[in-house]
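# Chain and residue survey
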Protein chains: 2
Amino acid sequence: MIVWNSLSGEQQQALLQRPGVAAADNVRPICEDIMAKVQQQGDSALKAIAAKLDKRSTEAEILCPQQDIIDAQQQLSEELKAAIDQAYTNIKRFHQAQQPKSISLSTQPGVSCELRYEAIDAVGIYVPGGSAPLPSSVLMQGVLAQLSGASTVVLATPVKGDEQVHPAIRYAAKLCGITQIMQIGGAAAIAAMAFGSESIPQVNKIFGPGNAYVTMAKQLAAQQVPGLAIDMPAGPSEVLIIADSRANGEYVAADLLSQAEHGPDSQVILLSDSDEVIAATERALERQLATLSRADIARQALAHSALIKVRDIDQAVRISNLYGPEHLILQLGDSTPYLNNIKNVGSIFVGDYTPESAGDYASGTNHVLPTYGYSKVYSSLSLLDFYRTYTVQTVTKNGLADLANAIIPIAEAEGLDAHANAVRVRLGASS
Amino acid sequence: MIVWNSLSGEQQQALLQRPGVAAADNVRPICEDIMAKVQQQGDSALKAIAAKLDKRSTEAEILCPQQDIIDAQQQLSEELKAAIDQAYTNIKRFHQAQQPKSISLSTQPGVSCELRYEAIDAVGIYVPGGSAPLPSSVLMQGVLAQLSGASTVVLATPVKGDEQVHPAIRYAAKLCGITQIMQIGGAAAIAAMAFGSESIPQVNKIFGPGNAYVTMAKQLAAQQVPGLAIDMPAGPSEVLIIADSRANGEYVAADLLSQAEHGPDSQVILLSDSDEVIAATERALERQLATLSRADIARQALAHSALIKVRDIDQAVRISNLYGPEHLILQLGDSTPYLNNIKNVGSIFVGDYTPESAGDYASGTNHVLPTYGYSKVYSSLSLLDFYRTYTVQTVTKNGLADLANAIIPIAEAEGLDAHANAVRVRLGASS
């Protein structure tokens with residue numbers, strides 16, 4: 001336990017410092033090499049890279065067969081299928097409510113202005129593989145692509161050896177109306193979506209988390225391909241819990257561990273004004289750790305995390321705002337007085353019965369959140385990320401005659417004669 | 001005149017190719033050096049750099065004195081003051097209508113989810129200097145910062161020698177409630193806003209156009225400072241005009257020129273189904289060019305631009321969608337049938353009396369627009385760019401009992417025991 005008020009300002013700052021996330025030096029050249037090959041040789045490069053890195057047969061299809069997407073549910077337990085259905089429904093409900101509406105108004109007589117939303121036409125979604133399939137990652141991106149009406153959606157996920165794409169991934173994709181699943185991961189998959197290949201359509205925006213190679217490839221793609229966008233910067237996942245004296249140490253520990261098990265670089269912080277709750281949490285951490293399959297990973301994450309004693313809950317909120325956590329859990333008797341003071345956060349979990357895993361999977365909110373302090377300026381993933389806006393203006397001749405009083409003097413002050421002339425030529429001419 | 005249908009597919013593509021915009025090799029190291037100095041030495045580096053690059057006195061203030069902002073209007077003509085007032089009012093009206101609303105709903109019984117908007121706390125606005133003051137650039141960013149309620153707004157603009165910040169800039173800033181005007185430009189100004197200094201507060205997001213040094217400094221700042229964001233990628237300005245046979249060549253030429261005068265790298269394209277309109281435009285271009293103070297610049301831009309004959313207006317719309325212009329002007333008898341087919345664009349100007357300069361200054365729409373093909377995926381600047389979102393969820397014990405049916409099976413499929421355990425520990429414990 002660390003007592004916040006016993007620390008100097010510098011020590012306090014150091015305590016909230018996130019671990020560095022610089023990629024290894026060789027990540028960039030490896031990605032550049034892979035991406036250049038995919039750009040130049042298309043499908044044949046994709047197959048060669050998958051054979052080399054993931055031990056795929058060079059005969060293996062790049063795209064998962066349609067029938068395998070349709071049949072996925074037969075390979076799932078009823079329980080898991082129902083779980084994915086329920087998560088899908090809640091996520092869809094919450095994001096459907098975010099459907100943007102165009103704005104149209106007259107700013108002055110004869111001058112009408114509109115803001116219109118248009119879905120991004122072609123999007124790519126990356127779903128990491130590794131130790132386990134991540135159907136939740138499909139839903140958290142795929143539902144939004146589906147709601148936006150994007151005309152092209154490509155999902156990429158790595159598959160090793162002679163495996164199939166996991167049925168939970170295929171089933172989640174099917175719910176989201178995704179028909180193109182690229183069974184290839186890493187920088188090669190990002191390159192295929194960025195440049196296009198014989199099998200893979202070029203996309204306008206690439207979403208999704210991934211390892212250092214995926215992250216680097218996304219950054220390189222955004223630099224190399226004009227008009228390509230990527231989603232927000234990625235970083236290690238993190239949770240901050242604020243717990244008052246009536247909080248249950250078992251719940252607090254369970255939430256800390258569900259973040260810590262994500263990876264050794266996860267960061268978990270508890271702020272409490274209660275010695276007893278901190279002590280109970282410490283005991284519960286040890287007890288629960290013993291039961292976890294990923295206990296080793298969680299222990300590593302806990303090693304650079306902190307249980308901090310604060311003076312009161314107001315101080316905890318101020319510390320949380322300084323840190324700007326991806327996930328903030330409020331295990332408070334009444335969170336209401338504090339909620340409006342919270343500014344920098346990705347997602348808030350209110351009360352004793354709202355674990356982080358509720359939002360990770362099924363409450364309906366998106367689990368793609370700004371981490372690593374980016375909550376001060378970046379947004380939780382929302383339906384708007386699958387749209388872009390443009391404006392439309394229509395001015396009548398009378399409208400232009402009045403607007404000329406604003407346009408011409410400013411254009412002249414800015415030394416842009418032709419801008420003023422474009423108005424004068426119209427008003428001088430008879431209609 | 002170029003006839004679209006006489007070109008091969010490759011020639012068509014080449015015609016719509018934008019000129020390259022790679023920065024000179026020395027831009028990056030120069031910016032890195034300036035930024036490191038500002039980060040390490042703060043105000044003293046700012047003063048030294050302004051003395052060296054802009055011939056400022058080392059005694060000159062970094063911030064424009066408050067009284068000079070208050071007194072600005074006394075140094076303006078009534079005409080220019082009224083023009084800025086009118087533009088400010090229209091821009092404010094259109095962006096005020098974009099004020100975001102939080103979304104709150106219950107996704108299933110006992111599970112409530114919210115999407116909340118929070119203004120980005122501290123923003124920096126860059127206003128280029130160079131040949132003329134740009135009060136419109138102040139308004140197009142400053143009004144949005146004002147409407148968002150950002151608590152810190154810093155405006156940076158370069159000033160040479162013993163000049164003052166131009167009164168039009170100061171007056172526009174005053175209307176927007178901006179009290180901090182940094183009288184320094186270039187990479188040093190970006191660094192000051194990114195890192196903070198004794199005089200300049202550190203900001204969360206930096207907006208605004210600029211030269212190659214400003215653009216590079218913004219990119220470096222976003223890489224170097226965790227949690228710092230920048231606005232959309234910048235590129236040369238461009239206009240595409242679609243004109244039918246009844247269009248007025250004088251208007252078309254005036255709009256082409258008002259884009260061409262921006263810079264030698266501006267791109268202007270006319271698509272028309274009428275030989276007569278194209279010929280009339282060519283004649284009007286020569287006539288109008290003779291009258292312009294920036295004729296040399298406009299001529300250079302026109303040299304790599306194109307007047308293209310199309311089969312019909314539908315074909316013109318398809319070409320425009322391929323190109324994705326920053327500005328699209330429709331000089332058509334009736335634009336309505338075409339408007340909904342236009343997809344990739346920053347801003348549309350409808351009809352004979354809506355020159356681009358209307359939107360550049362005063363109609364109310366924003367003139368910060370995605371260029372260089374980015375309209376396929378990026379948005380016109382809107383009030384939302386000054387906000388970020390976060391989510392809040394509150395689950396009751398009964399809600400969690402039902403949500404458990406979704407959370408636990410997915411968590412187990414993903415191999416994340418602790419995620420499942422965070423639910424089980426709550427449902428097992430008595431409340």
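Remember, predicted model here, so these are calculated numbers, not experimental data. (Residues numbered from 1 in each chain as written. Chains lettered and ligands numbered in written order. Predicted model: local features only at pLDDT ≥ 70, side-chain atom pairs only at ≥ 80, totals over all residues. Heavy atoms only, no water.)

To continue, consider the pattern of salt bridges. Residues and elements named next belong to chain A. With the rule as written, the count across this model stands at 32 salt bridges over all chains. Put simply, R287 and E250 hold a salt bridge, and the shortest N to O gap is 2.0 Å. With R287 in helix α11 (residues 275–289) and E250 in helix α10 (residues 249–260), this residue pair connects regions lying 37 residues apart in the sequence. What makes E250 partly exposed here is its relative accessible area of 24%. Salt bridges linked by common partners bring D244, R246 and D352 together as one network. (Salt bridge = Lys/Arg side-chain N within 4 Å of Asp/Glu carboxyl O. Helix = DSSP H or I, 4+ residues; strand = E, 2+ residues; numbered from the N terminus. Buried < 20%, exposed > 50% of the residue type's maximum accessible area, 1.4 Å probe, protein only.)

Before going further, it helps to spend a moment on the relation of the copies chain B and chain A. Once chain B has been moved 0.0 Å along the axis and rotated by 180°, it coincides with chain A to within an RMSD of 0.0 Å. Such a combination of rotation and displacement between the chain copies is what one expects of a two-fold axis. Of the interface residues in chain B, 99% have counterparts in chain A that sit at the interface too, so the contact is made through matching surfaces. (Least-squares fit on C-alpha atoms with pLDDT ≥ 70 in both. Contact = heavy atoms within 4.5 Å.)

Per the UniProt record, the feature "binding site: Zn(2+)" (unreviewed entry) sits at A:Q259, A:H262, A:D360 and A:H419. An extended arrangement is adopted by the annotated residues: their sequence extent is 161 residues, and the largest C-alpha distance between any two is 56.4 Å. Positionally, A:H262 belongs in the loop between α10 and β10 (267–272). Beyond its immediate sequence surroundings of up to four residues, A:H262 is in contact with A:S237, A:R294, A:I297, A:D360, B:L416 and B:H419. Within the element layout of this structure, A:D360 appears in helix α15 (residues 356–361). When its relative accessible area of 6% is taken as the criterion, A:D360 is described as buried. Sequence-distant contacts of A:D360, defined by excluding residues within four places in its chain, comprise A:S136, A:M140, A:H262, A:H327, A:H367 and B:H419. (UniProt positions renumbered as here; feature names shortened; annotations may be inferred.)

What follows is about the packing of aromatic side chains. If you walk through the whole model with that rule in mind, you get eight aromatic pairs over all chains. Across from the ring centre of B:Y323, 3.8 Å away, lies the NZ or CZ of B:R18, which sits over that ring. (Phe/Tyr/Trp six-rings, centres within 6.5 Å; stacked < 30°, edge-to-face > 60°. Lys NZ or Arg CZ within 6 Å of the ring centre and 35° of its normal.)

Before going further, it helps to examine unusual backbone geometry. All names here are of chain A. Phi angles above zero are rare outside glycine, and K55 is one such case at about 55°. Even without glycine at this site, Y372 takes up a positive phi of about 60°. In this fold, Y372 is placed in the loop between α15 and β14 (387–395). The class of Y372 is buried, set by a relative accessible area of 15%.

Contact with chain B, which involves 122 residues of that partner, is made by 121 residues of chain A. Here chain B packs against chain A, burying approximately 10,000 Å² in sum over the two surfaces, 59% of which is carbon and sulfur. Our count for the chain B to chain A interface comes out at four salt bridges. Here A:R426 ties to B:D255 by a salt bridge, and the two come within 2.6 Å at their closest N and O atoms. By residue number, the principal contributor to the side of chain B that touches chain A is helix α16 (residues 397–413) of chain B, which donates 11 residues. When grouped by side-chain class, the residues that make up the side of chain B that touches chain A number 60 nonpolar, 41 polar and 21 charged. Judged from the four bridges that link them, β14(A) and strand β13 (residues 347–350) of chain B form a sheet pairing that is parallel. The residue of β13(B) that forms the bridge with A:T391 is B:S347. (Buried area = accessible area lost by both parts, 1.4 Å probe. Nonpolar A, V, L, I, M, F, W, Y, C, P; charged D, E, K, R; others polar. Pairing = 2+ DSSP bridges.)

Before going further, it helps to spend a moment on the UniProt feature "active site" (unreviewed entry) in chain A. Residues and elements named next belong to chain A. Following the UniProt record, the feature "active site" (unreviewed entry) maps to E326 and H327 here. Inspection of the secondary structure puts E326 in the loop between α13 (313–323) and β12 (327–331). Beyond its immediate chain neighbours, meaning those up to four positions away, E326 contacts P236, S237, E238, V345, G346, S347, H367, L369, P370 and T371. Along the polypeptide, H327 turns up in strand β12.

Moving on: the sheet that holds β10(A). Taken in spatial order, the nine strands make up an open sheet running β1(A)-β11(A)-β10(A)-β9(A)-β12(A)-β13(A)-β14(B)-β3(B)-β2(B), and their pairing is mixed. Here the strands that pair on one side only, and so sit at the sheet edges, are β1 (2–3) of chain A together with β2 (103–108) of chain B. When β1(A) meets strand β11 (residues 306–309) of chain A, the two strands line up parallel, connected through two bridges. Opposite A:I2, over in β11(A), you have A:I308 as the bridge partner. Of the strands in this sheet, β9 (238–243), β10, β11 and β12 of chain A touch α10(A), which is tilted by about 170° from β9(A). (Axes fitted to C-alpha atoms, helices over the stretch in contact; angles between N-to-C directions.)

The next point concerns the sheet that holds strand β8 (residues 229–230) of chain A. Residues and elements named next belong to chain A. On the basis of which strands lie adjacent, the open sheet formed by five strands has the order β6-β5-β4-β7-β8 and parallel pairing. A strand with exactly one partner marks an edge of an open sheet, and here the two such strands are β6 (180–182) and β8. The pairing of strand β4 (residues 122–126) with strand β5 (residues 152–156) spans five bridges and is parallel. Paired with V123 across the two strands is V153, which belongs to β5. Helix-sheet contacts for helix α6 (residues 135–148) involve β4, β5 and β7 (205–207), and the interaxial angle to β4 is about 170°.

Among the nonpolar cores identified, the biggest contains 146 residues, and A:I84, A:L139, A:L155, B:I84, B:L139 and B:L155 are the most heavily contacted of them. Looking at which element gives the most residues to this core, the answer is helix α16 (residues 397–413) of chain A, with nine residues. (Core = buried A, V, L, I, M, F, W, Y, C linked by side-chain atoms within 4.5 Å.)

On to the domain arrangement of chain A. Once the domains are mapped, chain A shows domain 1 (27–99 + 115–230), domain 2 (235–378) and domain 3 (396–428). Computed from C-alpha atoms alone, the centre-to-centre distance between domain 2 of chain A and domain 3 of chain A is 57 Å. (Domains from an automatic or database assignment.)

All names here are of chain B. Interhelical geometry of helix α5 (residues 78–96) versus helix α7 (residues 167–175) gives an angle of 35° and a closest axis separation of 11 Å. Handedness of the α5/α7 crossing: right-handed. Contact residues: α5 offers L80, K81, I84, D85 and Y88, while α7 offers A168, Y171, A172 and L175. Class assignment for the residues of the contact of α5 with α7 results in seven nonpolar, no polar and two charged. (Left-handed = near helix turned anticlockwise from the far one by under 90°.)

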